[in-house]
Amino acid sequence: MSIVSKDFEIQENLIVLIEDLESTIYDLNHRLAGYGQLYNKARNQTNDSSVAYEEIADQIGEKHHILYHKMKSLNHLLEIINDYRDSNGIFQDHNDLIIQIQDIMLTHAEKESYEEAATIKKWYDRLYSAVDVK
């Protein structure tokens, strides 16, 4: 028989998940800033009327756009997960949380926002594993 209760283990798992999610968002913020600088630098180089710089700037802009939407999805996910915390920091209603995240993931898929759905799916799987303690 386990000394640590199932609910305590779930709480620990969710805290680790939140910390990982916050770390991922932090890293994405820095990557976005870097891509923003690269984009501006490449756009400034296009004044020399070089097609190569313009293509590079477009590729950087596209990557920035993808990362922005990924970060936006992760921030939304973090906000939702934190909504399920009470004033003591304890996560409540795990099943409702999972259902809500699943609904968001499926809504993105129905709208054909597959990148965002895939981003949510990764964290949905981790969330499901975190609360599925046996």
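Here's what I pulled together on the structure shown here. (Residues numbered from 1 in each chain as written. Predicted model: local features only at pLDDT ≥ 70, side-chain atom pairs only at ≥ 80, totals over all residues. Heavy atoms only, no water.)

### Observations concerning the side chain of Gln11
For Gln11, the position within the fold is in helix 1 (residues 6-45). When its relative accessible area of 8% is taken as the criterion, Gln11 is described as buried. Non-local contacts of Gln11, meaning those with residues more than four positions away in its chain, are made with Gly89, Ile90, Phe91 and His94. (Helix = DSSP H or I, 4+ residues; strand = E, 2+ residues; numbered from the N terminus. Buried < 20%, exposed > 50% of the residue type's maximum accessible area, 1.4 Å probe, protein only. Contact = heavy atoms within 4.5 Å.)

### Digging into helix 4 (residues 114-131)
With 18 residues, helix 4 ought to run about 26 Å at 1.5 Å a step, and its terminal C-alpha atoms sit 25 Å apart, in line with that. Inspection of helix 4 places Glu116, Ala117, Thr119, Ile120, Trp123, Tyr124, Leu127, Ala130 and Val131 among the buried residues, and these make up the whole buried set. For helix 4, the arc enclosing every buried residue in end-on projection is 155°, short of the 170-degree limit, so these residues lie on one face. Pointing more than 90 degrees away from the buried face of helix 4 are the exposed residues Tyr114, Glu115, Lys122 and Ser129. Its buried side turned inward, helix 4 meets helix 1, helix 2 (51-83) and helix 3 (94-110). (Expected span 1.5 Å × (residues − 1). Arc of directions from axis to C-beta.)

### With respect to a positive patch on the surface
A cluster of basic residues, Arg31, Lys63, Lys70 and Lys122, forms a positive patch at the surface. Within the fold, Arg31 resides in helix 1. (Patch = residues over 30% accessible without salt bridge, like charges linked within 9 Å, V, L, I, M, F, W, Y side chains within 5 Å. Areas by Shrake-Rupley, 256 points an atom, 1.4 Å probe, with all protein chains shown as cover. Salt bridge = Lys/Arg side-chain N within 4 Å of Asp/Glu carboxyl O. Lys, Arg positive; Asp, Glu negative; His and termini not counted. Charge placed at Lys NZ, Arg CZ, Asp CG, Glu CD.)

### Looking at the packing of aromatic side chains
On inspection of all chains with the given rule, the structure shows one aromatic pair. Judged by centre distance (6.3 Å) and plane angle (35°), the rings of Tyr124 and Tyr128 are tilted. Residue Tyr124 and its partner Tyr128 are located together in helix 4, separated by four residues, close to a single helical turn. (Phe/Tyr/Trp six-rings, centres within 6.5 Å; stacked < 30°, edge-to-face > 60°.)

### Some details on helix 2
Over its 33 residues, helix 2 runs 48 Å from end to end, which matches the ideal 48 Å to within 8%, given 1.5 Å per residue. Of the residues making up helix 2, those classed as buried are Ala57, Ile60, Leu67, Met71, Ser73, Leu74, Leu77, Leu78, Ile80 and Ile81. Of the surrounding elements, those touching the buried residues of helix 2 are helix 1, helix 3 and helix 4.

### What to know about the packing of helix 1 against helix 2
Look at helix 1 against helix 2: their axes get within 8 Å of each other, and the N-to-C directions meet at 155°. Classified by the interaxial angle, the pair formed by helix 1 and helix 2 is roughly antiparallel. In terms of crossing hand, the pair formed by helix 1 and helix 2 is left-handed. Each residue belonging to the contact of helix 1 with helix 2 can be placed in one class, and the counts come to 21 nonpolar, eight polar and seven charged. (Axes fitted to C-alpha atoms, helices over the stretch in contact; angles between N-to-C directions. Parallel < 35°, antiparallel > 145°, perpendicular 65-115°, else oblique. Left-handed = near helix turned anticlockwise from the far one by under 90°. Nonpolar A, V, L, I, M, F, W, Y, C, P; charged D, E, K, R; others polar.)

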